[in-house]
Amino acid sequence: METLVNGKQTVTKTETMTGAEALIRSLLAEGVETIFGYPGGAIMPIYDALYNYKDQLNHILVRHEQGATHAAQGFARVRNEVGVVFATSGPGATNLITGIADAQIDSTPMVCITGQVASNLLGTDAFQETDVIGISMPVTKWNHQITDASEIPEIIAKAFYIARSGRPGPVVIDITKDAQFASLEYKYQKCTEIRTYHPVPKIKKDKLKEAAALINGAKQPFLLIGQGVLISQAQEVLRKFIEKAHIPSAWTILGLSALDNEHPLNVGMLGMHGNYAPNVLTNECDVLIAVGMRFDDRVTGDLSRYARQAKVIHIEIDPSEIDKNVKADVPVIGDARQVLEALMPLINENDHSSWLERFKQLHQIELDKIITHDLYPKTEGVRMGEVVRHISEATKGEAIIVTDVGQHQMVTSRYYKFRLPHSNITSGGLGTMGFALPAAMGAKVGRPDRPVVAVIGDGGFQMTIQELGTIFQYDIPVKIVILNNSFLGMVRQWQQLFFDRRYSFTEMKNPDFTAIAKGFSIESKKVTKREELEQGVKEMMLHPGAYLLEVTVEKEENVFPMVPSGAAISDIRME
Amino acid sequence: MNKTKTVTEIVDSRNEVRSFNLSILTENKSGLLNAVTIIFTRRKINIESINVSETEVEGVSRYTIVIESTREKVEKVVKRIRKLIDVFWAFVYEEDEIYYQEIALYKVPTKVFLDGDNAEHLVRNNGARILVIEEDFIIIEKTGHQHETKDLLEKLKPFGVLEFVRSGRVAMSKSTRRTDLFLRELHNHH
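Residues numbered from 1 in each chain as written. Chains lettered and ligands numbered in written order. Predicted model: local features only at pLDDT ≥ 70, side-chain atom pairs only at ≥ 80, totals over all residues. Heavy atoms only, no water.

(A) Broad picture of the overall build of chain B. The helix and strand tally for chain B stands at 7 helices and 9 strands. Each of the three principal axes of chain B carries a C-alpha extent, and together these read 65 × 50 × 35 Å. The buried share of chain B, reckoned over its 190 residues, is 41%. Residue pairs in contact within chain B that sit at least 24 positions apart in sequence constitute 74% of those at least 6 positions apart. Of the roughly 11200 Å² of accessible surface on chain B, a fraction of 51% belongs to carbon and sulfur atoms. The distance from the centre of the 30 positive side-chain charges to the centre of the 30 negative ones in chain B is 8 Å. (Helix = DSSP H or I, 4+ residues; strand = E, 2+ residues; numbered from the N terminus. Buried < 20%, exposed > 50% of the residue type's maximum accessible area, 1.4 Å probe, protein only. Contact = heavy atoms within 4.5 Å. Areas by Shrake-Rupley, 256 points an atom, 1.4 Å probe, with all protein chains shown as cover. Lys, Arg positive; Asp, Glu negative; His and termini not counted. Charge placed at Lys NZ, Arg CZ, Asp CG, Glu CD.)

The following block contains the structure:
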């Protein structure tokens, strides 16, 4: 596109091209460099157009469309940019749904382009026709079907604007095959406004004042870090904020890595398998400041016994999250960084050392009862925690860590010492097993300059194991650590604790994972003994390419502390 | 009456199931009806009545939805609806905050009107009118609240009702707000 300024008139030149090419050009105009996708009949014109732009757009052919969505999520989360996915109609599109739902609940910006049968075949049960718009509607931030090629530039601009702005989320654009073939006059204009959509609400001054007054008057303030801190790039101002007011701060699983794990005010993880002190003291603080989080049930436990004594300040960009689960005394609706920046001059320097001391005291109990044994066990089997400790030490806490879902996810979140932001990639809200391997792939493509380590259980690994093929083909140097207990460990733990040890279909007979890696020419090693562990992790990190490290861990390890489902968080169990 | 009881009453009124009217201003976009209704489906809230129409502002539609639920739930649902990209705003009203009407049509055999004055009296005394007279049937139209249109149905039944249909509710709030000015204000506010 070329814009000529002719006196007062702006004349925009257009070019005639196919819908398929217009799509590719629109993606380039949005700054897209990488696409994760899988071709098929209804998206072939787009793939054909892509062939001419191979030098400008890096397309990664995954092995299953679900892998494309998780890879795009990993990419989006490490870059704080929109991840892009291509898939064909019918099964190609339905295979995206899990990843789209995951991106929706975890607020990940993603644009999925799906091919669709020609518009005259819509509704006829044509080959590979499915109602993608209908199916994806409940799990997208926005979706739209294009049947007219001339719509393409405007709709793509809108899609990217919606996906990345405000509370981010996934957008699906379904393009019929005839619209891909048809010609249009192409010109591109970025979308900066939609009249029905106000992604970043203006902050109300009176609410800021009320919040500051509460914070300044607090004796036992406590701050909760959600993913909104990372999305809005508020990590720096957040650190200054908590240092100025001297507020102990804990994090949700998606808020992890927003605050250096070694920071003296970082008091750990919230929720079901979080740390003892922050859970117990949530029910003792006098002012609770929640930043960019949604009070998920895994964080709050029983709502009727959650922080009832505290005044709650809820800083959140999405008004529908206010009062959804926890009633806010002072809701501050707005972008987390903008709110914290506006609050900074209003809050007083303070000292809450004796309150912080309470966290340390309680943490000592957890250290004695749980952590020391997890990290430095004297018992026979290898514990998941010590594996994570070795990864943390070998990478100096500077790796991007991608986890799957289950026990290993909780253990990794608890024990990896994150030093850098945007480094923890996991499926938080949806709890999607199979997330980690493709997400790690996407994260590594997004940040080739940083080490990426995927920690995965033996169950989840086998859900998207096919993506080893993608890692092989594109030589993506991710490190894969399988914590193998031959069990679906988290479910087994619940069966042990709440279902009378009736291990109903949770034990797994696993293949030789190193042999599978060998098939994909991926270097691998299996570690079964503690003595081999440190060296194994070091070797993996030193190896220049992709690497699979299988560690046989204790078969029936349990993750503690634990807030049983439906219990109050202060009733957290240590055993 | 002591203070505690008042608080209890407030809590009770938030958890009491009653009728709520949602009035939603939207873009006129295909597929949006589905996006709106699945928000209720997901929460297992039944839609009692729904009506979509244009407004006096070009390109802007109004959804009028009646549901039976609690204040607590309705407020969450309304916030979720406001989040839809193509929705300008959603209002929630209780019955005493609106004026509303529904329209009902009744098809009865024409011969009923030929057999004496009873049927004609019924129409006249119930604020209904005759919409059309065909050789075989007459269509009667009545506007009113549900109990009124239903009442007429019961009265017509002895004459033999061939068909009955009632529209969704249309409602207007008691405020003097102008839609176009409200939309402008909403835009400037953000």
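(B) Unusual backbone geometry, seen in detail. Residues and elements named next belong to chain A. Omega for the peptide link from Phe-560 to Pro-561 comes to 0 degrees, which places this bond in the cis form. Tracing the backbone through its elements, the reader meets Pro-561 in the segment after strand S22 (547-552). Although it is not a glycine, Ala-307 adopts a positive phi angle of roughly 50 degrees. Inspection of the secondary structure assignment puts Ala-307 in the loop between helix H13 (297-300) and strand S15 (311-316). Take Ala-307: its relative accessible area is 5%, and that puts it in the buried class.

(C) Inspection of the interface of chain A and chain B at higher detail. Counting residues at the interface gives 25 residues for chain A, matched by 21 residues for chain B. Between chain A and chain B, roughly 1900 Å² of surface is buried when both sides are summed, and carbon and sulfur atoms account for 54% of that area. Considering only the side of chain A, the residues that lose the most area to chain B are Arg-195, Thr-196 and His-198 of chain A, jointly responsible for 33% of the buried surface there. For the pair chain A and chain B, the interface holds 2 salt bridges. Residue Arg-195 of chain A pairs with Glu-27 of chain B through a salt bridge whose shortest N-O separation is 2.8 Å. Here chain A and chain B share 9 residue pairs in polar contact (both at pLDDT 80 or more) between them. Looking at the side of chain A that touches chain B, the elements that each hand over two or more residues are strand S8 (142-146) and helix H7 (152-164) of chain A. Here the residues of the side of chain A that touches chain B are counted per class, giving 8 nonpolar, 7 polar and 10 charged. (Buried area = accessible area lost by both parts, 1.4 Å probe. Salt bridge = Lys/Arg side-chain N within 4 Å of Asp/Glu carboxyl O. Polar contact = N/O pair within 3.5 Å; in protein donor to acceptor, adjacent residues only side chain to side chain. Nonpolar A, V, L, I, M, F, W, Y, C, P; charged D, E, K, R; others polar.)

(D) Helix H1 (residues 19-29) of chain A, seen in detail. All names here are of chain A. Among the 11 residues in H1, 8 count as buried, and that is most of the element. Those residues of H1 lying buried are Gly-19, Ala-20, Ala-22, Leu-23, Ile-24, Arg-25, Ser-26 and Leu-27. Gly-31, located one to two residues past H1, shows a positive phi value of around 85 degrees.

(E) Structural context of the domain arrangement of chain A. Residue and element names in this part refer to chain A. You can read the domains of chain A as domain 1 (2-186), domain 2 (205-358) and domain 3 (380-553). A C-alpha centroid distance of 37 Å is found between domain 1 and domain 2. Between domain 1 and domain 2, the contact holds 8 residues from the first and 9 residues from the second. Roughly 730 Å² is buried in total at the junction of domain 1 and domain 2, and carbon and sulfur atoms are behind 47% of that figure. (Domains from an automatic or database assignment.)

(F) Quick peek at the packing of H1 of chain A against H7 of chain A. Residue and element names in this part refer to chain A. Contact pair H1 / H7: the axes reach a minimum separation of 9 Å and the direction vectors enclose 35 degrees. Crossing handedness for the pair H1 and H7: right-handed. Contacts between H1 and H7 involve Gly-19, Ala-22, Leu-23, Ser-26 and Leu-27 on the former and, on the latter, Ile-152, Pro-153, Ile-156 and Phe-160. By residue class, the composition of the contact of H1 with H7 is 7 nonpolar, 2 polar and no charged. (Axes fitted to C-alpha atoms, helices over the stretch in contact; angles between N-to-C directions. Left-handed = near helix turned anticlockwise from the far one by under 90°.)

(G) Local environment of the sheet that holds strand S3 (residues 60-69) of chain B. All names here are of chain B. Across the sheet, which stays open at both edges, the 4 strands sit in the order S2-S3-S1-S4 with antiparallel pairing between neighbours. This sheet does not close on itself; its edge strands, each paired only once, are strand S2 (47-54) and strand S4 (87-94). Pairwise comparison of adjacent strand axes, ignoring direction, gives a mean angle of 15 degrees for this sheet. Against the sheet, helix H2 (residues 32-42) engages strand S1 (18-27), S2 and S3, with an angle of about 20 degrees to S3. In this fold helix H7 (residues 179-189) packs onto S1, S3 and S4, with an angle of close to 120 degrees to the strand it touches most, S4. (Pairing = 2+ DSSP bridges.)

(H) Quick look at the domain arrangement of chain B. The domain architecture assigned to chain B consists of domain 1 (3-97) and domain 2 (100-166). Taking only C-alpha atoms into account, the centre of domain 1 of chain B sits 32 Å from that of domain 2 of chain B.

(I) Molecular detail of the nonpolar core. Residues and elements named next belong to chain A. The biggest cluster of nonpolar side chains holds 98 residues, and the ones touching the most others in it are Phe-222, Phe-241 and Leu-288. Here the element with the most residues in this core is helix H15 (residues 353-375); it accounts for 7 residues. Three or more residues apiece are contributed to this core by two domains, here domain 2 (205-358) and domain 3 (380-553). Residues contacting Phe-241, with those up to four places away along its chain left out, are Ile-215, Leu-223, Ile-247, Leu-340, Leu-343, Met-344 and Ile-347. Judged by nonpolar contacts, the second largest core, of 46 residues, contains Phe-36, Ala-93, Ala-103 and Ile-400. (Core = buried A, V, L, I, M, F, W, Y, C linked by side-chain atoms within 4.5 Å.)

(J) View of the sheet that holds strand S19 (residues 452-457) of chain A. Residue and element names in this part refer to chain A. The parallel open sheet is built from 6 strands, whose spatial order is S18-S17-S19-S20-S22-S21. Here the strands that pair on one side only, and so sit at the sheet edges, are strand S18 (424-425) and strand S21 (523-527). When strand S17 (residues 400-403) meets S18, the two strands line up parallel, connected through 2 bridges. Counted as the bridge partner of Val-402 is Ile-425 from S18. Helix-sheet contacts for helix H18 (residues 436-446) involve S17, S18, S19 and strand S20 (479-484), and the interaxial angle to S19 is about 175 degrees.

(K) Highlighting the pattern of salt bridges. Applying the stated rule across the entire model yields 47 salt bridges over all chains. One network of salt bridges, in which partners are shared, links Arg-14, Glu-16, Arg-18, Arg-71, Glu-72, Glu-75 and Glu-94 of chain B.

(L) Spatial organisation of the state of the cysteines. Residue and element names in this part refer to chain A. For the coordinates displayed, the defined rule picks out 0 disulfides over all chains. Free of any disulfide, Cys-112 has its nearest cysteine sulfur in Cys-191, 18 Å distant. For Cys-112, a relative accessible area of 0% corresponds to the buried category. (Disulfide = S-S within 2.5 Å.)

(M) Region of interest: the environment of Val-339 of chain A. Residues and elements named next belong to chain A. With respect to the element layout, Val-339 can be found in helix H14 (residues 336-343). Along the sequence, Val-339 and Asp-297 sit 42 residues apart, while their C-alpha atoms lie 25 Å from each other. If sequence neighbours within four positions are ignored, Val-339 has contacts with Ile-203, Leu-208, Ile-315, Val-332 and Gly-334.

(N) Local environment of the packing of aromatic side chains. Tallied over the entire structure, the rule returns 14 aromatic pairs over all chains. Measuring from ring centre to ring centre gives 5.5 Å for Phe-461 of chain A and Phe-513 of chain A, while their planes differ by 80 degrees; the resulting arrangement is edge-to-face. Here Phe-461 of chain A is found in helix H19 (residues 458-461), whereas its partner Phe-513 of chain A is found in helix H22 (residues 513-519), with 52 residues between them in sequence. For the cation-ring pair, Arg-177 of chain B lies above Phe-182 of chain B, with the distance from its terminal atom to the ring centre recorded as 5.4 Å. (Phe/Tyr/Trp six-rings, centres within 6.5 Å; stacked < 30°, edge-to-face > 60°. Lys NZ or Arg CZ within 6 Å of the ring centre and 35° of its normal.)

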